[in-house]
Amino acid sequence: KAGVTQTPRYLIKTRGQQVTLSCSPISGHRSVSWYQQTPGQGLQFLFEYFSETQRNKGNFPGRFSGRQFSNSRSEMNVSTLELGDSALYLCASSLVSGRGTGELFFGEGSRLTVL
Amino acid sequence: AQTVTQSQPEMSVQEAETVTLSCTYDTSESDYYLFWYKQPPSRQMILVIRQEAYKQQNATENRFSVNFQKAAKSFSLKISDSQLGDAAMYFCALGNSGAGSYQLTFGKGTKLSVIP
């Protein structure tokens with residue numbers, strides 16, 4: 001079974017631009033979460049989607065948004081990029097069951113550099 | 001708010017020896033899960049071990065085991081017979097139970113070096 005796939009793996013943008021990152025979850029996984037990883041702040045939760053609905057959202061400004069499609073694939077978008085948005089963005093998928101285990105399966109991440 | 005604290009930013013261990021990574025957490029929930037994730041230099045995070053809070057027995061996965069002290073809100077990871085491939089960042093994480101929540105709170109991580 002294929003793992004979580006994130007594209008692109010690396011990208012460079014300049015301040016003020018916007019970026020869209022894509023995530024394909026493991027087949028059968030309907031929950032997709034996004035995390036931002038930086039050396040200073042560590043791993044911070046951005047948002048989680050299930051069945052095309054955002055269930056949870058972390059403490060990030062409105063410039064960060066996301067969506068999920070009917071095939072469970074997800075995208076996140078960051079508008080008006082700032083230098084501080086440089087980070088590794090990790091996508092994770094989960095198999096939703098009656099008693100959620102919370103176990104996340106991570107992709108390799110998208111490394112965003114903002115110049 | 002939930003918090004997870006890893007007080008050891010870096011640790012090292014001799015190959016074949018045993019090392020323990022510390023983690024403390026805080027939550028108001030009575031039913032939750034605790035995890036240790038490993039992030040090798042290639043960056044993909046993988047699950048090392050999982051503990052359900054309602055289970056008193058400590059989880060074990062081959063060379064990896066945990067010491068779960070619910071009252072003290074402590075969740076340490078013991079790696080036995082350390083191998084070079086164990087070198088990585090290790091993250092302790094806390095998640096709520098129930099079908100509606102897949103948001104994990106992570107600690108800042110412990111960088112483990114394995115000395116040959």
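Here we summarise the structure given alongside this text.

What counts, and at which threshold
- Residues numbered from 1 in each chain as written.
- Chains lettered and ligands numbered in written order.
- Predicted model: local features only at pLDDT ≥ 70, side-chain atom pairs only at ≥ 80, totals over all residues.
- Heavy atoms only, no water.
- Pairing = 2+ DSSP bridges.
- Helix = DSSP H or I, 4+ residues; strand = E, 2+ residues; numbered from the N terminus.
- Axes fitted to C-alpha atoms, helices over the stretch in contact; angles between N-to-C directions.
- Phe/Tyr/Trp six-rings, centres within 6.5 Å; stacked < 30°, edge-to-face > 60°.
- Buried < 20%, exposed > 50% of the residue type's maximum accessible area, 1.4 Å probe, protein only.
- Contact = heavy atoms within 4.5 Å.
- Polar contact = N/O pair within 3.5 Å; in protein donor to acceptor, adjacent residues only side chain to side chain.

## Observations regarding the sheet that holds strand S8 (residues 74-78) of chain A
Residue and element names in this part refer to chain A.
Part 1 of the reasoning: Taking strand neighbours across the sheet as the criterion, the four strands line up as S1-S3-S8-S7 in an open arrangement whose pairing is antiparallel. The sheet terminates laterally at strand S1 (5-7) and strand S7 (64-68), the two strands that pair on one side only. For this sheet the average axis-to-axis angle between neighbouring strands, irrespective of direction, equals 15°.
Part 2 of the reasoning: Of the strand pairs in this sheet, S7 and S8 are connected by five bridges, and their pairing is antiparallel. In the strand pairing of S8, glutamine 68 is matched with serine 74.

## A closer look at the packing of aromatic side chains
Part 1 of the reasoning: The full count for this structure, using the stated rule, is 14 aromatic pairs over all chains.
Part 2 of the reasoning: Summarising the aromatic geometry, the rings of tyrosine 33 of chain B and phenylalanine 35 of chain B are spaced 6.2 Å apart at their centres and angled 25° between planes, so their arrangement reads as stacked.
Part 3 of the reasoning: The buried category is assigned to tyrosine 33 of chain B, whose relative accessible area is 1%.
Part 4 of the reasoning: Here the aromatic residues Tyr35, Phe45 and Phe106 of chain A together with Tyr33, Phe35, Tyr37, Phe91 and Phe106 of chain B are joined through ring pairs into a cluster of three or more.

## A word on the environment of glutamine 37 of chain A
Part 1 of the reasoning: Here glutamine 37 of chain A lies in strand S4 (residues 31-38).
Part 2 of the reasoning: Classification of glutamine 37 of chain A by relative accessible area gives buried; the value is 12%.
Part 3 of the reasoning: With 18 residues separating them along the chain, glutamine 37 of chain A and arginine 55 of chain A place their C-alpha atoms 21 Å apart.
Part 4 of the reasoning: Excluding its chain neighbours within four sequence positions, the residues that come into contact with glutamine 37 of chain A are Gly42, Leu43, Ala87, Leu88 and Leu90 of chain A together with Gln39 and Phe91 of chain B.
Part 5 of the reasoning: Within the local environment of glutamine 37 of chain A, its side chain forms a polar contact with the side chain of glutamine 39 of chain B, the two groups lying 2.9 Å apart.

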